[in-house]
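Architecture at a glance
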Amino acid sequence: MVEIKSCKYNNDNDTISIIKTNGSKVSILCTAVEDSLNTNITTRSKLEWLKDNEPFTYAELVITGKLQDFLDQYDESYYRQHDTIEKQLIEHFNGDKACAVAIAREIMMYGE
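Residues numbered from 1 in each chain as written. Predicted model: local features only at pLDDT ≥ 70, side-chain atom pairs only at ≥ 80, totals over all residues. Heavy atoms only, no water.

With a phi close to 50°, aspartate 14 is a non-glycine residue in the positive phi region. Along the chain, the position of aspartate 14 falls in the loop between strand S1 (4–10) and strand S2 (15–20). Here aspartate 14 falls in the buried class, since its relative accessible area comes to 14%. Phi angles above zero are rare outside glycine, and asparagine 94 is one such case at about 50°. Within the secondary structure, asparagine 94 sits in the loop between helix H4 (67–92) and helix H5 (97–110). (Helix = DSSP H or I, 4+ residues; strand = E, 2+ residues; numbered from the N terminus. Buried < 20%, exposed > 50% of the residue type's maximum accessible area, 1.4 Å probe, protein only.)

This is the structure in structure tokens:
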């Protein structure tokens, strides 16, 4: 179990500073961590969101070694949802795939 008392993301140097419950301090250099991962534009966006909005979750995933698994699951879920929306829109627009693809992309970009 990860015992993090507090953590804070510093955008200026792309680090997460952690204070553990035992009082020890750790700093995660996010750039180094992310360069070692298999990512794409979707998962990079999720990493940025995590650092800004849920640094505790990001830190916990790094410390436990589960960040890549988390990203893989997120990516799979994202594209499954995208494909479902696209198929529904193609049907709605009577087979107009170009229109459906554009709308699906917009929904996924701004709909979360």
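With respect to the helices and strands, lysine 46 occurs in helix H2 (residues 41–53). Overall, lysine 46 belongs to the buried group, its relative accessible area being 17%. In this structure lysine 46 touches Phe70 and Tyr74, once residues within four positions along its chain are discounted. (Contact = heavy atoms within 4.5 Å.)

This part covers the environment of aspartate 14. Measuring from C-alpha to C-alpha, the distance between aspartate 14 and alanine 32 comes to 9.6 Å, with 18 residues separating the pair along the chain. In this structure, aspartate 14 is in contact with Tyr9, Ile28, Leu29, Cys30, Thr31 and Lys51, ignoring residues within four places of it in sequence. One polar contact links aspartate 14 to lysine 51, side chain to side chain, over a distance of 2.9 Å. (Polar contact = N/O pair within 3.5 Å; in protein donor to acceptor, adjacent residues only side chain to side chain.)

What follows is about the sheet that holds S2. A sheet is described by the order of its strands in space; here three strands give the open sequence S1-S2-S3, paired in antiparallel fashion. The outermost strands of the open sheet, each flanked by one partner alone, are S1 and strand S3 (25–29). Within the sheet, the average angular offset between the axes of one strand and its neighbour, ignoring direction, is 20°. Inspection of the sheet shows S2 paired to S3 by five bridges, in the antiparallel sense. Among the inter-strand pairings, isoleucine 18 is bridged to a residue of S3, identified as valine 26. (Pairing = 2+ DSSP bridges. Axes fitted to C-alpha atoms, helices over the stretch in contact; angles between N-to-C directions.)

Because an α-helix completes one turn every 3.6 residues, residues spaced three or four positions apart along the sequence face the same direction. Here helix H3 (residues 55–64) has its buried residues at Pro55, Tyr58, Ala59 and Leu61. Buried residues of H3 fall within an arc of 165° about the axis and therefore sit on the same side. Buried positions along H3 lie against S1, S2, S3, helix H1 (30–35), H2 and H4. One or two positions beyond H3, positive phi appears at glycine 65, with a value near 75°. (Arc of directions from axis to C-beta.)

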